[in-house]
Amino acid sequence: MSSTPVEVVLSELQQATLRQLVDTFAPEVAVDDDPTGFWARKGSDLGVDAAIAQQLSSGAIPEDQVDGLRQLLDALSAQGFDAAPQEVREAILHGFMDSDPAALGGLSGLRALTFLLFYAIPDPATGRNPNWEAIGYPGPRAQPPSAQEAPKTIPITRPATADLTLTADVVVVGSGAGGGVIAGQLAGAGKDVVVLEAGGYYNEADFNQLELWAYQNLYRAGGLAQTAEGQIALMTGANLGGGTTVNWTNCLRTYDWVRAEWEQVHGLEGLAGPEYDRHLDAVSARIGVTDACSDANGPNQRVLDAAAQLGIDGRTITRNADPDKYDADLAGLMGFGDVTGAKLGTLKTYLQDAADAGARFVVDTRVEQVLVENGRAAGVEGTYLDAEGNAARVVVRAPTVVVAAGALDTPALLLRSGIGGPAAGDYLRLHPATAVIGIYDAPQQAWWGAPQSALSMEYADLQDGYGYLVETSHASPGVTGTSVPWESGRQHKADMARGPISSAMVFLIRDRGHGRVTVDAAGNPVHTYPFSDGVDLANFRHGLRTMALMHDAAGAQEVLTLHRKRLHWVRSGGEAIEDYAARVVAAPLSPFEHATFSLHHMGSARMGKDRKTSVAGPFGELHDVGGVWIGDASAFPTASGTNPMLTTMALAHRTAEAIGAS
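Residues numbered from 1 in each chain as written. Predicted model: local features only at pLDDT ≥ 70, side-chain atom pairs only at ≥ 80, totals over all residues. Heavy atoms only, no water.

> For this particular structure, what's the right way to read the overall build of the protein?
Counting secondary structure elements, the protein contains 20 helices and 24 strands. Its C-alpha atoms give the protein a radius of gyration of 24 Å, near enough to 26 Å, the size a compact globule of 662 residues would have. With respect to the three principal axes, the spread of C-alpha positions in the protein is 70 × 60 × 50 Å. When each of the 662 residues of the protein is scored for burial, the buried share is 60%. Across the protein, contacts joining residues at least 24 apart in sequence account for 75% of those joining residues at least 6 apart. Working note: accessible area of the protein is about 24,000 Å², and carbon and sulfur atoms make up 50% of it. Taking the 47 positively charged and 77 negatively charged side chains of the protein as two groups, their mean positions are separated by 3 Å. (Helix = DSSP H or I, 4+ residues; strand = E, 2+ residues; numbered from the N terminus. Rg over C-alpha atoms; globule rule 2.2 N^0.38 Å. Buried < 20%, exposed > 50% of the residue type's maximum accessible area, 1.4 Å probe, protein only. Contact = heavy atoms within 4.5 Å. Areas by Shrake-Rupley, 256 points an atom, 1.4 Å probe, with all protein chains shown as cover. Lys, Arg positive; Asp, Glu negative; His and termini not counted. Charge placed at Lys NZ, Arg CZ, Asp CG, Glu CD.)

> Mind showing me how you'd approach the nonpolar core here?
In globular proteins that are soluble, nonpolar side chains generally tend to be buried together. If you look at the biggest cluster of nonpolar residues, it comprises 88 residues, and the most contacted ones within it are Val193, Leu196, Phe361, Val380, Leu622 and Val628. When residues of this core are assigned to their parent elements, the largest contribution, nine residues, is made by helix α20 (residues 645-661). Each residue touching valine 628, except ones within four places of it in the same chain, is listed here: Val370, Ala377, Val401, Val403, Ile419, Gly620, Glu621 and Leu622. Of all hydrophobic cores here, the second largest spans 69 residues; its members include Leu56, Ile61, Val66 and Ala475. (Core = buried A, V, L, I, M, F, W, Y, C linked by side-chain atoms within 4.5 Å.)

> What am I meant to see in unusual backbone geometry here?
With glycine set apart, most residues show a phi of negative sign, and most peptide bonds adopt trans. For aspartate 364, which is not glycine, the phi dihedral falls at a positive 55 degrees. Positionally, aspartate 364 belongs in the loop between β9 (360-362) and β10 (365-373). Of note in this structure, phenylalanine 592 is not a glycine but carries a positive phi near 70 degrees.

> Got a minute to help me understand the sheet that holds strand β19 (residues 515-519) in this structure?
Hydrogen bonds between backbone atoms are what pair the strands of a sheet, whose relative direction is either parallel or antiparallel. Here three strands make up an open sheet; going across it, the order is β14-β19-β20 and the pairing antiparallel. The open sheet is flanked by β14 (426-428) and β20 (525-528), the only strands paired with a single partner. In this sheet, adjacent strand axes meet at a mean angle of 40 degrees when their direction is disregarded. Sheet analysis places β19 next to β20, joined by four bridges and oriented antiparallel. Note on β20: the bridge partner recorded for valine 517 is histidine 527. Sheet strands in contact with helix α15 (residues 410-417) are β19 and β20, and its direction is about 45 degrees off that of β19. (Pairing = 2+ DSSP bridges. Axes fitted to C-alpha atoms, helices over the stretch in contact; angles between N-to-C directions.)

> What should I look at first to understand the pairing of strand β3 (residues 193-196) in this one?
Because side chains alternate across β3, one face comprises the buried residues Val193 and Val195, and the other comprises Val194 and Leu196, equally buried. Where strand β2 (residues 170-173) and β3 come together, four bridges link them in parallel fashion. Each residue of the ladder has a partner; that of valine 170, found in β3, is valine 193. Where β3 lies against β9, three bridges are found, and the strand directions are parallel. In the strand pairing of β9, valine 195 is matched with phenylalanine 361.

> Whenever I open this one, the packing of helix α12 (residues 298-310) against helix α18 (residues 534-554) confuses me. Can you help?
Two packed helices can be described by the angle between their axes and the distance between those axes. Two elements in contact, α12 and α18, have axes separated by 8 Å at closest approach and are oriented at 90 degrees. Relative to α18, the element α12 is oriented roughly perpendicular. Seen from α12, the contacting residues are Arg302, Val303, Asp305, Ala306, Ala307, Gln309 and Leu310; seen from α18, they are Leu549, Met550, Ala553 and Ala554. Among the residues forming the contact of α12 with α18, the class breakdown is eight nonpolar, one polar and two charged. (Parallel < 35°, antiparallel > 145°, perpendicular 65-115°, else oblique. Nonpolar A, V, L, I, M, F, W, Y, C, P; charged D, E, K, R; others polar.)

> Any chance you could explain the pattern of salt bridges here in plain terms?
Opposite charge on two side chains permits them to pair, given that their charged atoms come into close proximity. Here the structure, examined in full by the defined rule, presents 34 salt bridges. A salt bridge links aspartate 277 to arginine 253, with the nearest nitrogen and oxygen atoms 3.7 Å apart. Taken together, the residues span a long stretch of sequence, with aspartate 277 in helix α11 (residues 274-286) and arginine 253 in the loop between α9 (243-246) and α10 (256-264) at a distance of 24 residues. In this structure aspartate 277 comes out as partly exposed when scored by relative accessible area, which is 25%. On the basis of relative accessible area, arginine 253 is assigned to the partly exposed category, the value being 37%. Here arginine 302 and aspartate 305 are joined by a salt bridge, their closest N and O atoms 2.9 Å apart. Residue arginine 302 and its partner aspartate 305 are both found in helix α12; the two are separated by three residues, about one turn of the helix. Here arginine 302 falls in the buried class, since its relative accessible area comes to 15%. A cluster of three or more residues bridged by salt bridges with shared partners is formed by Asp98, Arg564, Lys565 and Glu593. (Salt bridge = Lys/Arg side-chain N within 4 Å of Asp/Glu carboxyl O.)

> Could you clarify how one ought to interpret the sheet that holds β10 in this entry?
Spatial ordering of the open sheet is given by β1-β12-β11-β10, a layout of four strands whose pairing is mixed. Edge positions in the sheet fall to β1 (164-167) and β10, since each of these pairs with one other strand and no more. Strand-to-strand, the axes of this sheet are offset by a mean angle of 20 degrees, without reference to chain direction. Judged from the eight bridges that link them, β10 and strand β11 (residues 376-385) form a sheet pairing that is antiparallel. Paired with valine 372 across the bridge in β11 is alanine 377.

> Looking at this model, I keep getting lost on the confidence of the model for the protein. Mind explaining?
The predicted coordinates of low-pLDDT regions are not to be read in fine detail. Summary statistics for the protein give a mean pLDDT of 96 and a share of 99% for residues scoring 70 or more. Contacts of residues 1-6 to residues separated by more than four positions or lying in other chains number seven contacts, the stretch itself having pLDDT below 50. (pLDDT = per-residue confidence, 0-100.)

> I'm lost on α12 in this one. Help?
Given 3.6 residues per turn, any residue in an α-helix points the same way as the ones three and four places further on. For α12, with 13 residues, the first-to-last C-alpha span of 18 Å sits near the 18 Å given by 1.5 Å per residue. Buried residues of α12: Gly298, Pro299, Asn300, Arg302, Val303, Ala306 and Ala307, and no others. Where α12 is buried, its residues touch β16 (454-455), β17 (468-472), β18 (502-509) and α18. Backbone geometry just downstream of α12 places glycine 311 in the positive-phi region, at approximately 70 degrees. (Expected span 1.5 Å × (residues − 1).)

> Sorry if this is basic, but what is going on with empty space enclosed by the protein here?
Empty pockets left among the atoms are what a rolling probe the size of a water molecule brings to light. Per the stated rule, a full pass over the model turns up three cavities of 30 Å³ or more. Approximately 110 Å³ is the volume attributed to the largest cavity. Taken together, Asn203, Glu204, Phe207, Thr244, Thr245, Asp338, Gly341, Lys343, Gly345, Leu347 and Lys348 form the lining of the largest cavity. Residue composition of the lining of the largest cavity, grouped by class: two nonpolar, five polar and four charged. Taken as a whole, the second largest cavity holds about 50 Å³ of empty space. Surrounding the second largest cavity, Arg319, Ala321, Tyr326, Asp327, Ala331, Met334, Asp338, Thr340, Ala342 and Lys343 form its lining. Tallied by class, residues from the lining of the second largest cavity come to five nonpolar, one polar and four charged. (1 Å grid on protein atoms, 1.4 Å probe; cavity = no way out; pocket = protein on both sides within 12 Å on 5 of 7 lines; lining within 4 Å. Points joined across faces, edges and corners; volume = space filled by probe spheres on them.)

> So what exactly am I meant to see when it comes to the environment of glycine 179 here?
Turning to its location among the elements, glycine 179 is positioned in helix α7 (residues 177-188). The exposure class of glycine 179 is buried, given its relative accessible area of 1%. As for glycine 179 and proline 138, which are separated by 41 residues in sequence, their C-alpha atoms are 35 Å apart. For glycine 179, the residues in contact, after removing those within four places along its chain, are Val172, Gly174, Ala404 and Gly631.

Right, here's the structure in full:
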């Protein structure tokens, strides 16, 4: 069946208020010199208001939230917002955000959508956003190869005109770091494997390096998901290859103290010794982990410079990349898909191995239930939905089911299926992360070279194995626009216009506290995460302070955090950097008061020996249902504290061997 037309959900007055709101966040600003038209360009000039209205009408946003936004627009209109001058409109918005938590949440969401679109939406005629030149962003740096030059080498099974039923030895739900490894290992061992993936199949021929296209096609929930409290943005891949298609290729081995904890406290046999090293080594060899493709762009060099100045740890990272295909001029946009094909994620390695061994793949399929018969796995069922809205039922009958849908979705599948025990969905860890921006005297070229090639582990263990890593970030103008604090339209544009000389340092904490995944009445996952653990908050604030000091040590002329109420330091202003850092540490971290992100999701279906606090046994098989195995980062007993790809893959390699021996 075809998709239905978009329903209009805003009245004419509400649409007019939305347009004025967009143009208050991103207004026309009078300046003497505006060669690219950036300062004169309003949000509505790019159709941002229409795009937001379409999003509200698409059904992707729950009706109660849409209704709340309608009420917010009505309340703004009642205050004379539509006819007020820019300065008054800004004051009205700050008044709403300062006094009403519901308004703060709604306006924060609309502000984020405004800037995501204003800085990322491409012009249909040119394929480029007209603001990129002013903010120093080059946009796509190469034409994708043709389908003939970069053919898709993994055959896809698609429902023809009716429902699809397959039989197999093993069905793997998810194709990322965990599911991909297990599929490749088991298919290579002679098992008949079917892989089901919720996202689509894309490769270099599709990777146009456009931010919005990537979010819509390669990321879960369009890259716009967040925790139920609205405090932490959740970004993860949803495509054939999962997060390994869009991540930044940081290959860190599991900390020794985490390995010891997982073995001694949670019963994961062999984690602390050479047996687990064998799995790490095997995976590292297959995905080509190397330090030969770790050129330092400006932000990464600033991390190394700061570490040297402060006398703290600073190092070059290793990455899963093919040196023969790596191109530093094109590597910087790999978070939108690597157009060179140098990234050796599961798409290029374990999934290809599985395909070569005869595995079958079904994409665009959301698995809704694990089938259980007589207390054991019997397969899965789900729904296939293509881009045209055509749907079909997909059933795979198999005595072994590997659930590797990611820590945001794996527990939801277990809960919908009524399996996994009391811990299903609990102990969700997120590695809460943020950025601090430094403004320097010279161009930083954050879009050149790999997004992450340097880090500091100086503060990885501040207390009982908990601390944080200092790293760098992908160049993403839309996400940057949503994150930079907004006090006024002029100020926000001025901060964005200094993009060419900006460097963002990021940090992520190993969180001790945890959240939970539940499902709503429709079976959709809900992610709650009270960011309130005392150790986590202390480490997060320690990280903010450290990055301010690192920017100072690296020579930044200004420093800016991502708090809603702008915290800004200027070297020439006379304030000591320690005094500024103290202001930053004291600032609130409550929902919508600070931009906090999570790119690493772990622990929500964890392994362990205790049936009350873990979902699966020490090798990944469910405690309560034989033949169902957890195969992704949701199996982590705790947060890893490191970028989790390599740990996920090593544990999956270990689980694949256990499945083969079962």
